[in-house]
Amino acid sequence: MTLRHRLVHRVYRDRVATAAELRRGDPARPVPRPPAIAPRAAEPPRAPVHRVRGLVVDCDSRSVEVDGRQLELTCMEFELLAHLVANRRRVYSRPQLMELVWQQTPVGYTRTVDVHIARLRSKLGPGHRTLIRTVRQVGYAFDPANRAR
C-alpha cells in the first residue's frame, strides 16, 4: 500500500479531513479535529402563557380557560384569540386579521372576522366578552382594561 493510499485510508477511517487535504496527500500535516458541538438545551423553549383577569391562554397546549373552566374553541377561534391577547391594546382591522390569522389575502368579504369574534365572545361568557373591544369603523383590539358595562 502506498503512502497516499494509507493517508486516504486513515482519513476515511477517522472522517475528519477535508477534500483539499486528500488531494495534497501530506502525511506530516496534522489532521484537524472537528469543532466541538455545543450541548443541546435540555428543554426546548416554551410558548407563552397569557393570563388576564381569569382568562388563561396557553399557546403551548393550545388551551383556553376562563375562571378555571376549559373552553372548546375551534382552530381559528384559538388563533384569533391568541393573536389578540399577544398584542394587547393594538387595534387590528378586519383585512389585517385576515392576513395575520387566516393567512389569506382578503378579497372583498371580510365579515367572517365579525362572525368569529361574535362566537368567541359568546364562548368567553358575560364576564370576559368585553375584553375584546370593537373599534368602530376600524376593527378589534384585546383590551384588559375594558370593563363590563
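Because the structure is a prediction, the values reported are computed rather than measured.

### Quick notes on helix α5 (residues 112-124)
Stage number 1. Taking 1.5 Å of rise per residue, the 13 residues of α5 would be expected to cover 18 Å, and the 18 Å separating its terminal C-alpha atoms lies within 8% of that figure.
Stage number 2. Turning to α5, its buried residues are Val113, Asp114, His116, Ile117, Leu120, Arg121 and Leu124. Here the buried residues of α5 occupy an arc of 165 degrees about the axis, which is enough to place them on one side.
Stage number 3. Downstream of α5 by one or two residues, glycine 125 has phi in the positive range, about 95 degrees.

### Some words on the side chain of arginine 94
Stage number 1. Here arginine 94 shows up in helix α4 (residues 94-100).
Stage number 2. The exposure class assigned to arginine 94 is buried, which follows from its relative accessible area of 17%.
Stage number 3. At 2.7 Å, the side chain of arginine 94 forms a polar contact with the side chain of aspartate 114.

### What about the pattern of salt bridges?
Stage number 1. Tallied over the full model, the rule gives 6 salt bridges.
Stage number 2. For arginine 89, the salt bridge goes to aspartate 143, with nearest N and O atoms at 3.6 Å. With arginine 89 in the loop between α3 (75-86) and β5 (92-93) and aspartate 143 in the segment after β7 (139-142), this residue pair connects regions lying 54 residues apart in the sequence.
Stage number 3. For aspartate 143, a relative accessible area of 12% puts it in the buried group.
Stage number 4. Put simply, arginine 133 and aspartate 143 hold a salt bridge, and the shortest N to O gap is 3.4 Å. In this pair, arginine 133 sits in strand β6 (residues 132-135) while aspartate 143 sits in the segment after β7, placing the two residues 10 residues apart along the sequence.
Stage number 5. Overlapping salt bridges, with partners in common, bring together Arg89, Arg133 and Asp143 in one network.

Definitions and limits used
- Residues numbered from 1 in each chain as written.
- Predicted model: local features only at pLDDT ≥ 70, side-chain atom pairs only at ≥ 80, totals over all residues.
- Heavy atoms only, no water.
- Helix = DSSP H or I, 4+ residues; strand = E, 2+ residues; numbered from the N terminus.
- Expected span 1.5 Å × (residues − 1).
- Buried < 20%, exposed > 50% of the residue type's maximum accessible area, 1.4 Å probe, protein only.
- Arc of directions from axis to C-beta.
- Polar contact = N/O pair within 3.5 Å; in protein donor to acceptor, adjacent residues only side chain to side chain.
- Salt bridge = Lys/Arg side-chain N within 4 Å of Asp/Glu carboxyl O.

Read these as geometric descriptors, not functional statements.
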